[in-house]
Amino acid sequence: MIGVHDGGISGVNTYAEHVAAAAVAASVEVTLLATHAALALTLEQRLAGTGVRVVDLGLGPPTAWQRRRERLSPGYAARRLRTAVRRGLPRLGHYDAAHANHPALAAALRPLADRVVVAAWFYPHAPIGRAVATWEHTGRRFPRSAGLAVKGFLHYRNDVRGYRVADCAVAPTLVLTEQLRRAGIPAVHSPPPCRAVGGGPRAQRDGDPTSRLLICSGDLAHPRKHIALAIVAVGLLAARGRPIALDLVGRNAERLDAALDRLPHGVEVRRRGPLPPSEVHALMRDADAFLLPSLFEEWGYVAVEAALQGTPVVTLPVYPFPEMLAGRLGRCAGGMDARAFADALEELLDDPPDREQLAASAEERFGLSTAGRRLRGIWEANPLPAAAIRERVTVSAGTAHPVGGDRGR
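The structure presented is a predicted model; accordingly, all values stated were derived computationally and were not measured.

A.B. asks: Residues and numbers for the packing of helix H4 (residues 74-92) against helix H7 (residues 144-165), please.
C.D. replies: One can describe the packing of H4 onto H7 by two numbers: an axis separation of 9 Å at closest approach and a directional angle of 40°. Facing Pro-74, Gly-75 and Ala-78 of H4, the residues of H7 in contact are Lys-151, Leu-154, His-155 and Asn-158.

A.B. asks: Break down the environment of Arg-240 for me, with residues and values.
C.D. replies: Considering the arrangement of structural elements, one finds Arg-240 in the loop between helix H9 (227-239) and strand E9 (244-251). You can call Arg-240 partly exposed: its relative accessible area is 35%. Between the C-alpha atoms of Arg-240 and Glu-346, which are 106 residues apart in sequence, the distance is 9.8 Å. Filtering out sequence-adjacent residues up to four positions away, Arg-240 remains in contact with Arg-339, Ala-342, Asp-343 and Glu-346. A distance of 2.9 Å separates polar atoms of two side chains, one belonging to Arg-240 and the other to Asp-343.

A.B. asks: Please give an account of the pattern of salt bridges that cites residues and values.
C.D. replies: By the definition in use, this model includes 16 salt bridges. For the salt bridge of Asp-257 with Arg-271, the shortest nitrogen-to-oxygen distance reads 3.2 Å. Here the residue Asp-257 occupies a position in helix H10 (residues 257-261), and Arg-271 occupies one in strand E10 (residues 268-273), the gap between them amounting to 14 residues. Residue Arg-271 is classed as partly exposed on the basis of its relative accessible area of 45%. Through salt bridges with shared partners, one network takes in Asp-247, Glu-268, Arg-270 and Arg-272.

A.B. asks: Please set out the layout of surface pockets residue by residue, giving values where relevant.
C.D. replies: If you add up the space inside the second largest pocket, you get close to 360 Å³. Around the second largest pocket sit 18 residues that line it, and Arg-141, Ala-221, His-222, Pro-223 and Arg-255 are the ones nearest its centre. Contributing elements (two or more residues each) for the lining of the second largest pocket: H9 and H10. For the lining of the second largest pocket, the class distribution of residues is 9 nonpolar, 4 polar and 5 charged.

So, how was this worked out
Residues numbered from 1 in each chain as written. Predicted model: local features only at pLDDT ≥ 70, side-chain atom pairs only at ≥ 80, totals over all residues. Heavy atoms only, no water. Axes fitted to C-alpha atoms, helices over the stretch in contact; angles between N-to-C directions. Helix = DSSP H or I, 4+ residues; strand = E, 2+ residues; numbered from the N terminus. Contact = heavy atoms within 4.5 Å. Buried < 20%, exposed > 50% of the residue type's maximum accessible area, 1.4 Å probe, protein only. Polar contact = N/O pair within 3.5 Å; in protein donor to acceptor, adjacent residues only side chain to side chain. Salt bridge = Lys/Arg side-chain N within 4 Å of Asp/Glu carboxyl O. 1 Å grid on protein atoms, 1.4 Å probe; cavity = no way out; pocket = protein on both sides within 12 Å on 5 of 7 lines; lining within 4 Å. Points joined across faces, edges and corners; volume = space filled by probe spheres on them. Nonpolar A, V, L, I, M, F, W, Y, C, P; charged D, E, K, R; others polar.

Below is the structure:
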């Protein structure tokens, strides 16, 4: 049993959906919990043909006031989901294993299953470290960043409570896995699964000198996404004589107008607004590189989606990208500034990977089949040996900065 999908636009909900699909790929009968009927119907349509059973917890769609309170209070959001699960206990039955996308759900799921597994997300797992990281990668702007830092601490407290109740925490990176283990938390490394949408990578283009670049974010103006840095880097690259077409997908592109207006006149910029996943993935297949200058991600789902489409990714040298992009799935910049980002992008464009091979490597590491086998072993309390799931990933001390800035781990 996988729970709980609440319909919000976040990687944590994407995770629940993809873990359910991975379970089916591993020949596991799976139930996915959704908070309300309309969401359950949407998930059934998205997962049509996979065999995933979707159950409505009957919570009802959140009101605008509830959504606002959930954003402000992790405790309120967790209590609301726990209440929905407990009300559903009489009709949910019993399961061999329950897998929670939110650690705070572990106690509510315990009566449902012989084994409870929770997803671990935030690195570093430390109260002060989390607050400091949140302050820095949200722009260090008072009072907003201070409020988000407090919210991050509250999330940490919810995580700790969940880890105490769960049998196992499933971490997306080796770095976080090892940190949790040092803290005495039983943790297993298993990168989140991802479903590729579309027809696979496009063929290599010949004769067209234009480099097609793509940036995608739910909120292009969010300080943590750091999109303005990538735009400056594109300008530096264009100034070196390279023709460039840049696609921007997401909300609030107009708040980047000042940076876009400073680009050389030869750069073609297309503001595409928010798009459904199928259209985003089509743009990924057409792009020569996907630019992801985030200062931090708990897990860069969009980087995996690009790699599954055969498109290499360029990032800053921050967690979790050095580990995620190992094996020529992309390139991390050598520093935290726009020039270093431009240099990494230029190196990638001058020596592009084989797109078919890149997509195959991404599928092998993050696809439903591989992830399903890993997760089934975890659910059956027989995880694959650590050496079998390292997947040629090498992370050395000091490789990734946990937040923006020139600090090692």
